Amino acid sequence: MQSHPYRYAFPAMGSDCQITLYAEDERHADRVSDLVMAEVWRIENKYSRYIKHNCLSNINQSASSAGTMAVDEETAMLLDYALTAFKISHGLFDISSGVLRRIWDFSSNILPSQADIAAILPLIGLNKVDWNRPILHFPVPGMELDLGGLGKEYALDRSADICLEQGIRSGLLDFGGDIRAIGPKPDGTSWQIGIRHPLTSEASSGKIELYSGAIASSGSYERYIESNGKRYCHIFNPQTGWPVAEMTSVTVMAEQCLLSGTLSTIAMLKENEGKQWLAERGVQHLWLDAELNSGGNIRLSN
């Protein structure tokens, strides 16, 4: 029986999310999309820093008073992953760096002082947290964890798993520009994925052919402060407290979106060293530096 495309849109995790599913009938597609949306909202409700009295809120309440608590298996898995990313990035990918939001206000064009930054740096460092699965202990009061750098990508991968479990063999999940493809289109052709232009989210730099797997991008164009003609983006080096400055965007393709997002973020945080670091990883990628020089091993089409 021939499959047809069914499309759905919903808001989640501060993004416009879109689902395209090829299914034999609308009832099947509707059922799968309902399962996907329910899973994404479950993850958001559990780990969003904007929701009170959820799992992340309980962790940070404990962290604020140098407390100790046990976490469930799903949270433990994410913490294991975050600690691995922390180690392979030599401390640059750090889910404890969210405290920098206390001094960086992107609703204004006012920069924090170096004294402000110096005062908050002692609260950053995932290596300062005692993690003895499933027990978390925070020796330093006032710390907090933020899973925002993992949540959307994890939700994408979970959504793809649900689609496959429900018999979907062709589909595309787009959560605010992070992409997960479930196989190629039914006729065997690729999905055409537009890559956001570095200076505006309204334009594309070109397209990537994606048959399966994931694409995630990190960039300095989403949120920033403009001060004295210089742009300060929302991606912070947790060791200095200042935003990255040498890279404009990085795009990575991998089998899992969680991996794509982590690698692209680490490359941004490594500044110009991220170019060689990605090449050494052997992953498909694109990069654009602050001078708008580009490189990588993915071919873009118009």
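As shown above, the structure is provided for reference.
Only a predicted model underlies this, so the values are computations on that prediction, with no experimental measurement involved. All chains use their own residue numbering, which begins from 1 and follows the written sequence. Since the coordinates come from a predicted model, pLDDT governs what is reported: local features require at least 70, and pairs of side-chain atoms require 80 or more to be given and counted, while whole-chain, interface and lining totals use all residues. Think of the side-chain values as coming from all heavy atoms in the structure, minus any hydrogens and water.

Concerning the packing of aromatic side chains
Phase 1 of the analysis: Working definition: a ring pair exists when centres of Phe, Tyr or Trp rings (six-membered ring for Trp) sit within 6.5 Å. Plane angles under 30 degrees give stacked, over 60 give edge-to-face, the rest tilted. Counted according to the given criterion, the structure contains 7 aromatic pairs.
Phase 2 of the analysis: Relative to tryptophan 41, the ring of phenylalanine 10 lies with its centre 5.6 Å away and its plane at 85°, an arrangement referred to as edge-to-face. Residue phenylalanine 10 is located in strand β1 (residues 4–12), and its partner tryptophan 41 is located in helix α1 (residues 26–47); the two are separated by 31 residues in the primary sequence.
Phase 3 of the analysis: Exposure is judged per residue with a 1.4 Å probe applied to protein chains only, and the accessible area is read against the type maximum: over 50% gives exposed, under 20% gives buried, and values in between give partly exposed. On the basis of relative accessible area, phenylalanine 10 is assigned to the buried category, the value being 5%. In this text, helices come from DSSP runs of H or I with a minimum length of four residues, and strands from runs of E with a minimum of two, each type numbered from the N-terminal end.

Some details on helix α5 (residues 148–165)
Phase 1 of the analysis: Helix span, expected: 1.5 Å multiplied by one less than the number of residues in the helix. Counted at 1.5 Å a residue, the expected span for α5 with its 18 residues is 26 Å, and the 26 Å between its end C-alpha atoms agrees.
Phase 2 of the analysis: Along α5, the positions that sit buried rather than exposed are Leu150, Gly151, Lys152, Glu153, Tyr154, Ala155, Leu156, Asp157, Ser159, Ala160, Ile162 and Cys163.
Phase 3 of the analysis: In this description, contact between two residues means that some pair of their heavy atoms is separated by no more than 4.5 Å. On its buried side, α5 packs onto β2 (15–23), α1, α3 (73–88), β6 (171–175), β7 (178–182) and α6 (257–269).
Phase 4 of the analysis: Of the residues trailing α5, glycine 167 is marked for its positive phi of about 90°.

Section: unusual backbone geometry
The bulk of non-glycine residues show a negative phi, and the bulk of peptide bonds are trans.
Phase 1 of the analysis: Omega for the bond connecting arginine 133 with proline 134 falls within 30 degrees of zero, at 5°, which places this linkage in the cis form.
Phase 2 of the analysis: The phi dihedral of histidine 53 is positive, around 60°, even though this residue is not glycine.
Phase 3 of the analysis: You can see histidine 53 is positioned in the loop between α1 and α2 (55–64).
Phase 4 of the analysis: Using a relative accessible area of 70% as the deciding quantity, one classes histidine 53 as exposed.
Phase 5 of the analysis: Notably, histidine 90 is not glycine yet its phi reads approximately 55°, a positive angle.
Phase 6 of the analysis: In this structure histidine 90 comes out as exposed when scored by relative accessible area, which is 63%.

A short note on the packing of α1 against α5
Phase 1 of the analysis: Helix axes are fitted to C-alpha atoms over the stretch in contact, other axes to C-alpha atoms as well, and angles between N-to-C directions run from 0 to 180 degrees. Closest axis-to-axis distance for the α1/α5 pair is 9 Å, and the angle between their directions is 155°. Taken together, the axes of α1 and α5 are roughly antiparallel relative to one another. For the pair α1 and α5, the sense of crossing is right-handed. Residue-level inspection shows Val32, Leu35, Val36, Glu39, Val40, Arg42 and Ile43 of α1 in contact with α5, the latter providing Gly151, Tyr154, Ala155, Arg158, Ser159, Ile162 and Cys163.
Phase 2 of the analysis: Gly counts as polar in this scheme, as do all residues outside two lists: the nonpolar Ala, Val, Leu, Ile, Met, Phe, Trp, Tyr, Cys and Pro, and the charged Asp, Glu, Lys and Arg. Its residues assigned to classes, the contact of α1 with α5 comprises 9 nonpolar, 2 polar and 3 charged. Our angle categories are set so that under 35 degrees counts as roughly parallel, over 145 as roughly antiparallel, 65 to 115 as roughly perpendicular, and the remainder as oblique. Handedness of a crossing is defined here by the sense of rotation of the near helix relative to the far one, left-handed for an anticlockwise turn of less than a right angle and right-handed for a clockwise turn.

Details of the side chain of serine 218
Phase 1 of the analysis: On the secondary structure map, serine 218 appears in strand β10 (residues 213–219).
Phase 2 of the analysis: Overall, the relative accessible area of 8% leaves serine 218 in the buried class.
Phase 3 of the analysis: Any pair of N or O atoms that falls within 3.5 Å is considered a polar contact. Within protein, one atom must be able to donate a hydrogen and the other to accept it, and sequence-neighbouring residues count only if both atoms are side-chain atoms. Side chain to side chain, serine 218 and serine 264 meet in a polar contact 3.0 Å long.
Phase 4 of the analysis: Discounting residues that sit within four places of it in the chain, serine 218 has contacts with Ile235, Thr248, Ser249, Val250, Gly261, Ser264, Thr265 and Met268.

Considering empty space enclosed by the protein
Phase 1 of the analysis: Note on definitions: the grid is 1 Å and covers protein atoms alone; a cavity is a set of points where a 1.4 Å probe fits but cannot get out; a pocket is an open set with protein on both sides within 12 Å along at least five of seven lines; lining residues have an atom within 4 Å of a point. Grid points are joined across faces, edges and corners, and a volume is the space filled by probe spheres set on the points. Applying the stated rule across the entire model yields 1 cavity of 30 Å³ or more.
Phase 2 of the analysis: Its boundaries defined by the atoms lining it, the largest cavity holds a volume of some 30 Å³.
Phase 3 of the analysis: Forming the boundary of the largest cavity are Ile43, Tyr47, Leu78, Leu147, Leu150, Gly151 and Tyr154.
Phase 4 of the analysis: Going through the elements one at a time, α1 and α5 are the ones with two or more residues in the lining of the largest cavity.
Phase 5 of the analysis: A total of 3 residues in the lining of the largest cavity trace back to one element, the largest contributor, which is α5.

Overview of the packing of α5 against α6
Phase 1 of the analysis: Running from N to C, α5 and α6 point in directions that differ by 155°, and their axes come no closer than 7 Å. Classified by the interaxial angle, the pair formed by α5 and α6 is roughly antiparallel. Taking contact as the criterion, the partners of Leu150, Glu153, Tyr154, Leu156 and Asp157 in α5 are, on α6, Cys257, Leu258, Gly261 and Thr262.
Phase 2 of the analysis: When grouped by side-chain class, the residues that make up the contact of α5 with α6 number 5 nonpolar, 2 polar and 2 charged.

Concerning the sheet that holds strand β4 (residues 130–132)
Phase 1 of the analysis: Read across the open sheet, the 3 strands follow the order β3-β5-β4; overall the sheet is antiparallel. Edge positions in the open sheet fall to β3 (68–70) and β4, since each of these has one partner strand only. Strand-to-strand twist in this sheet, taken as the mean axis angle between neighbours without regard to direction, amounts to 15°.
Phase 2 of the analysis: Relative to strand β5 (residues 135–137), β3 is paired through 3 bridges, and the arrangement is antiparallel. The rule for pairing is simple: two strands pair if DSSP sees at least two bridges between them.

Remarks on the pattern of salt bridges
Phase 1 of the analysis: The term salt bridge refers to a side-chain nitrogen of Lys or Arg lying within 4 Å of a carboxyl oxygen of Asp or Glu. By the definition in use, this model includes 15 salt bridges.
Phase 2 of the analysis: For aspartate 157, the salt bridge goes to arginine 180, with nearest N and O atoms at 2.8 Å. Of the two residues, aspartate 157 sits in helix α5 while arginine 180 sits in strand β7, which places them 23 residues apart along the sequence.
Phase 3 of the analysis: The partner of aspartate 289 in a salt bridge is lysine 275, and the shortest N-O contact between them spans 3.0 Å. With aspartate 289 in strand β14 (residues 284–289) and lysine 275 in helix α7 (residues 273–281), the pair connects residues that are 14 residues apart, well separated along the chain.
Phase 4 of the analysis: On the basis of relative accessibility, which here comes to 5%, the residue aspartate 289 falls in the buried class.

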